[in-house]
Amino acid sequence: MKKRVLILTGGGDCPGLNAVIRAVVKRASQEKDWEVIGSVQSFDGILREPTEIMVLDEKSVSGIHFRGGTILGTTTKGGPFAWPYKKPDGTWGSVDRSDEMLNKLSYMGIDAVINIGGDGSQKISQALYEKGCNIIGVPKTIDNDLSATDFTFGFQTAVQVATEGVDKLVTTAASHNRVMILEVMGREAGWIALHASIAGGAEVCLIPEIPYDVDKVLEKINARFDNSGKGFANIVIAEGAMPKDGTAVHRNSNEIGYKNKVYGGIAYKLQEQLKEAGMEWDTRVTVLGHLQRGGVPVAYDRVLASQFGVKAFEMVLKKDFGKMVAYRHPEIIGVPFSEAISRYNFVEKDSYLLKTARGLGINLGD
Ligand code: F6P
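Residues take numbers from 1 onward in each chain, read along the sequence in its written order. Local features are withheld for residues below a pLDDT of 70 in this predicted model, meaning they are given only at 70 or higher, and side-chain atom pairs are given and counted only at 80 or more; totals for whole chains, interfaces and linings count all residues. With hydrogens and water excluded, all non-hydrogen atoms of the structure serve as input to the side-chain values.

Trainee: How should the pattern of salt bridges be read in this particular structure?
Mentor: If the charged atoms of two oppositely charged side chains come close together, the side chains can form a pair. Definition used for salt bridges: Asp or Glu carboxyl oxygen within 4 Å of a side-chain nitrogen of Lys or Arg. This model, assessed by the stated rule, comprises 19 salt bridges. Where salt bridges share partners, they join R27, E31 and E314 into one cluster.

In structure tokens form, the structure reads like this:
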């Protein structure tokens, strides 16, 4: 019987997931004694009765490298350690089904697992590894906020979408003498906002790492208009940004098993704050949202995702478990889970990227 590697995608989707799946399958197909099984919607496919899995061969992954989303499906809820269930009184609780799942994996003859996901998924990977599972992690997030890797795939695609957003808003701002505020993703870190601001030529960029002073933002905007009201300005704001004397805009989700905060709305808050601070110019808000996560990955993300997939399978062959694949220029390496999930990748205050933004005259709200 062939050895079996289980592959799954968890957490929010991200352009490049299919390119990782394809790379794992293509590399595995070069080994005569291995086969790849996909679990539908992360570990849920294993935990459900009947089990929802699919055998992945070269034919089933042919041509998927440029498709957005994930052919396996994904979920941001529950997981083997916190499986949601309805109590007799109608409320929801959660139960640890990790032992049951590991037993099922061994019954299915699974020799190794490749878990593609963000920090939440890799925390699950580590906990499963500590319980004896032969598991490798592959990082994904458009937010680029995992510190163990120089870049995550999906990020460049999101930056491209956000930059195209700025480009489009610049022309309408200029035509109407308006201030346009574009809200982009980035809960903890402002990578997308910063890259799109530099690439798109925004006047103001507000990120979670630098709480903003609304008066400083207004000063910059006013300097862009003449006395007759001619001028325009573009602001890019990360969803996790916050005023220096306030908080970020988020809410709890009422979806069962969804633990993350739902961000969105800081751009509207900023619009109000600017008005209260005395801004005279017309303003419009655009929230880019999930457009940044869908669709075709740019070439850079396909290449990075392919490297991650090949590396992940080679780590399986070497039994190099308990690690997450990471890009450390120019190498693709394996980093122990404990290190990989220990801290976020924030935009550093003294980074050259921030210096570049300041050097271009971009106001960072400070
Ligand atoms: O972590 C990636 C991310 O895209 C965040 O920037 C965003 O806040 C979140 O996912 C949205 O997640 P969901 O699709 O679950 O609403």
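Moving on from the coordinates now.
Trainee: Mind showing me how you'd approach the site of the ligand here?
Mentor: Whether a residue is near a molecule or strand is decided by its heavy atoms; if any one of them lies within 4 Å of it, the residue is near. Within the structure, the ligand sits among I142, D143, M185, G186, R187, E239, Y258, H290 and R293. Two N or O atoms form a polar contact when they lie within 3.5 Å of each other; inside protein one atom must be a possible hydrogen donor and the other a possible acceptor, and for residues adjacent in sequence the pair counts only when both atoms belong to side chains. Here D143 contributes a side-chain N or O atom positioned 2.9 Å from an oxygen atom of the ligand. Here an oxygen atom of the ligand sits 2.9 Å away from a polar atom, N or O, in the side chain of R293. Shrake-Rupley sampling with a 1.4 Å probe provides the accessible areas, and residues are treated as covered by the protein chains on show and by no other component. For the ligand, whose free accessible area comes to 400 Å², the fraction covered by protein is 82%. Of the residues contributing to the shell around the ligand, the split by class is three nonpolar, two polar and four charged. Under the scheme applied, nonpolar residues are Ala, Val, Leu, Ile, Met, Phe, Trp, Tyr, Cys and Pro; charged residues are Asp, Glu, Lys and Arg; polar residues are all the others, including Gly.

Trainee: Honestly, the sheet that holds strand 9 (residues 204-206) in this entry has me stumped. Any pointers?
Mentor: Through backbone hydrogen bonds, the strands of a sheet pair up, either in parallel or in antiparallel fashion. Judged by pairing direction, the sheet is parallel, and its four strands sit side by side in the order 9-10-8-13 without closing on themselves. This sheet does not close on itself; its edge strands, each paired only once, are strand 9 and strand 13 (283-287). On average, each strand axis in the sheet is inclined to that of its neighbour by 15°, with strand direction left out of account. Where strand 8 (residues 179-184) lies against strand 13, five bridges are found, and the strand directions are parallel. By this definition, two strands are paired if DSSP reports at least two bridges between them. A helix here means a DSSP run of H or I that spans at least four residues, while a strand means a run of E at least two residues long, and both kinds are numbered starting from the N terminus. Every axis in this analysis is a line fitted to C-alpha atoms, fitted for helices over the stretch in contact. Angles between the N-to-C directions lie between 0 and 180 degrees.

Trainee: Looking at this structure, how should I read the nonpolar core?
Mentor: Soluble, globular proteins show a tendency: their nonpolar side chains are buried together. Residues I7, I21, I114, I116, V138, F153 and V316 are the most contacted members of the largest nonpolar core, which totals 63 residues. Either an automatic procedure or a domain database provided the assignment from which the domain bounds are taken. Looking at this core, you find at least three residues from each of domain 1 (3-153 + 297-329) and domain 2 (155-294 + 348-359). Contact criterion: two residues are considered in contact whenever any of their non-hydrogen atoms come within 4.5 Å of each other. Those residues in contact with I116 that lie beyond four places of it in its chain are I7, L8, T9, G10, L17, V20, I21, Q122, V138, K140 and F153. Judged by nonpolar contacts, the second largest core, of 22 residues, contains L105, V113, C133 and F337. Buried Ala, Val, Leu, Ile, Met, Phe, Trp, Tyr and Cys residues form a nonpolar core when they are joined through side-chain atoms within 4.5 Å. Three labels apply to residues, based on accessible area from a 1.4 Å probe with only protein chains included: buried if under 20% of the type maximum, exposed if over 50%, partly exposed otherwise in between.

Trainee: In this structure, what is going on with the pairing of strand 14 (residues 323-328)? I would like to understand it.
Mentor: Along any regular strand the residues' side chains alternate between the sheet's two faces. Inspection of the sheet shows strand 7 (residues 135-139) paired to strand 14 by two bridges, in the parallel sense. Within strand 14, the position partnered with G137 by the bridge is M324. One ladder, built from six bridges, connects strand 14 with strand 15 (residues 331-336); its direction is antiparallel. Within strand 15, the residue paired with M324 across the bridge is V335. Taking the residues that link successive antiparallel strands as the turn, the strand 14-strand 15 hairpin has two residues.

Trainee: Looking at this structure, I do not really get the environment of A233. What am I missing?
Mentor: Turning to its location among the elements, A233 is positioned in strand 10 (residues 233-238). Sequence separation of A233 and G69 is 164 residues, and the distance between their C-alpha atoms is 34 Å. Sequence-distant contacts of A233, defined by excluding residues within four places in its chain, comprise A173, R178, V179, M180, E203, I221, R224 and F225.

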